[in-house]
Amino acid sequence: MNFVDLNCDIGEDFGRYTLANQKEILKYVTSANIACGFHAGDPSVMRETVKVALENHVKIGAHPGLPDLVGFGRREMAITYQEAYDMVVYQVGALQAFLTIEGEKMQHVKPHGALYNMAAKDPEIAEAIAKAVYDISPDLILFGLASSELTKAGEKIGLRTAHVVFADRTYQADGTLTSRKLPNALITNHDQAVKQVIRMVKEGKVTSCQGTDVSLRADTVCIHGDGEHAIDFAKYIKNELQNNGIEVKSFI
């Protein structure tokens, strides 16, 4: 039987600003990427999200991003190797403190937004992130875009890596995600999204916007918790994966 992890970006409320019922989605995923305060989240939101994830038996990972609350971490910044390293160490450490209080082990680290996309293409930024994760704990799993510079850097340094594919995003011929600035970046049709995921898991391929097949490895599927129909989609994709003989489970 094929199996895959189902991960979700979560804990992205901040202060008095809330995203609609994000925590409900934790009933349907197996891994949670919790925001660490730079692109979203705050200490109270982090603490509460950790508790809800544990109540739902969901494995927890850090979701470090660029320090850009206004832009939700989706705007690129010119950062150095050392800055990338320090940002990741700082944010993972913050979330780890809440997990330590709960007596829980962190499963993984998955960068967010622009930092994630930068690391997918830039070997230096990828190496900085991989080294930060390794230095914190070589037992952590590094989540990165499938077949990207980040997964290559993680594998090179000796980390266990998980190749991430996306249910609701389209792909370019080089294996990168279509920029959100373009009108065809998102897949809003649930059936289309599920068919894409099932093919990626079973065949290791996805059809690009250019019509060509791209080979990739699908260890974990990312769904977004802030969409209008996020909860309904999470239920649907989990059921459809299982109906197609794909077991949904975490890595540890």
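Our subject in this report is the structure included herewith. All of these numbers come straight from a predicted model, not from anything done at the bench. (Residues numbered from 1 in each chain as written. Predicted model: local features only at pLDDT ≥ 70, side-chain atom pairs only at ≥ 80, totals over all residues. Heavy atoms only, no water.)

Mapped onto the fold, Lys 51 is located in helix α1 (residues 43–55). Owing to a relative accessible area of 35%, Lys 51 belongs among the partly exposed residues under this scheme. The spacing of Lys 51 and Met 106 is 55 residues in sequence and 13 Å in space, taken between C-alpha atoms. Reaching out from Lys 51, the side chain makes a polar contact with the side chain of Glu 102 at a distance of 3.0 Å. (Helix = DSSP H or I, 4+ residues; strand = E, 2+ residues; numbered from the N terminus. Buried < 20%, exposed > 50% of the residue type's maximum accessible area, 1.4 Å probe, protein only. Polar contact = N/O pair within 3.5 Å; in protein donor to acceptor, adjacent residues only side chain to side chain.)

A few words on α1. The terminal C-alpha atoms of α1, which comprises 13 residues, lie 19 Å apart, in line with the 18 Å expected from a rise of 1.5 Å per residue. Among the residues of α1, those classed as buried are Val 45, Met 46, Thr 49, Val 50, Val 52 and Ala 53. Measuring from the backbone nitrogen of Ser 44 back to the side-chain oxygen at the start of α1 gives 3.1 Å, which picks out Asp 42 as the cap. Phi turns positive one or two residues past the end of α1, at His 57, with a value near 60 degrees. (Expected span 1.5 Å × (residues − 1).)

Trans is the prevailing form of peptide bonds, just as negative phi is the prevailing case for residues other than glycine. Not every positive phi belongs to a glycine, and Phe 72 is a case in point at roughly 55 degrees. Within the secondary structure, Phe 72 sits in the loop between β3 (59–63) and α2 (81–102). Accessibility expressed as a relative area gives 17% for Phe 72, which makes it buried. The backbone of Ser 147 shows a phi angle near 60 degrees, a positive value even though the residue is not glycine. When you line up the elements, Ser 147 lands in the loop between β5 (141–145) and α5 (149–157).

Taken as a whole, the largest pocket holds about 560 Å³ of empty space. Looking at the largest pocket, it is lined by 24 residues, and the ones nearest its centre are Gly 113, Asn 117, Arg 169, Ser 179 and Arg 180. When residues of the lining of the largest pocket are traced back to their parent elements, those giving at least two are α3 (113–121) and β9 (220–224). Here the lining of the largest pocket takes six residues from α3, the largest share from any one element. (1 Å grid on protein atoms, 1.4 Å probe; cavity = no way out; pocket = protein on both sides within 12 Å on 5 of 7 lines; lining within 4 Å. Points joined across faces, edges and corners; volume = space filled by probe spheres on them.)

Glancing now at the packing of α3 against helix α4 (residues 123–136). Where α3 contacts α4, the axes come no closer than 6 Å and their chain directions differ by 115 degrees. The angle between α3 and α4 falls in the class roughly perpendicular. When the axes of α3 and α4 are compared, the crossing they make is left-handed. On the side of α3, the interface is formed by Leu 115, Ala 119 and Lys 121, while α4 contributes Pro 123, Ile 125, Ala 126 and Ile 129. (Axes fitted to C-alpha atoms, helices over the stretch in contact; angles between N-to-C directions. Parallel < 35°, antiparallel > 145°, perpendicular 65-115°, else oblique. Left-handed = near helix turned anticlockwise from the far one by under 90°. Contact = heavy atoms within 4.5 Å.)

Moving on: the packing of aromatic side chains. Using the criterion set out here, one finds three aromatic pairs in the structure. Note on Phe 38 and Tyr 90: the rings are 5.6 Å apart at their centroids and 40 degrees apart in plane angle, and the pair reads as tilted. One end of the pair, Phe 38, is in the loop between β2 (31–35) and α1; the other, Tyr 90, is in helix α2, and 52 residues separate them in sequence. When the ring of Tyr 116 is compared with that of Phe 166, the centres are 6.0 Å apart and the planes differ by 75 degrees; the resulting orientation is edge-to-face. Pair noted here: Tyr 116 is in helix α3 and Phe 166 is in strand β6 (residues 160–166), with a separation of 50 residues, a long-range link. Since its relative accessible area comes to 4%, Tyr 116 is described here as buried. Since its relative accessible area comes to 4%, Phe 166 is described here as buried. Seen from the ring of Tyr 116, Lys 110 lies directly overhead, with NZ or CZ sitting 5.1 Å from the centre. Above the ring of Phe 3, the side-chain terminus of Lys 249 is found at 4.5 Å from the ring centroid. (Phe/Tyr/Trp six-rings, centres within 6.5 Å; stacked < 30°, edge-to-face > 60°. Lys NZ or Arg CZ within 6 Å of the ring centre and 35° of its normal.)

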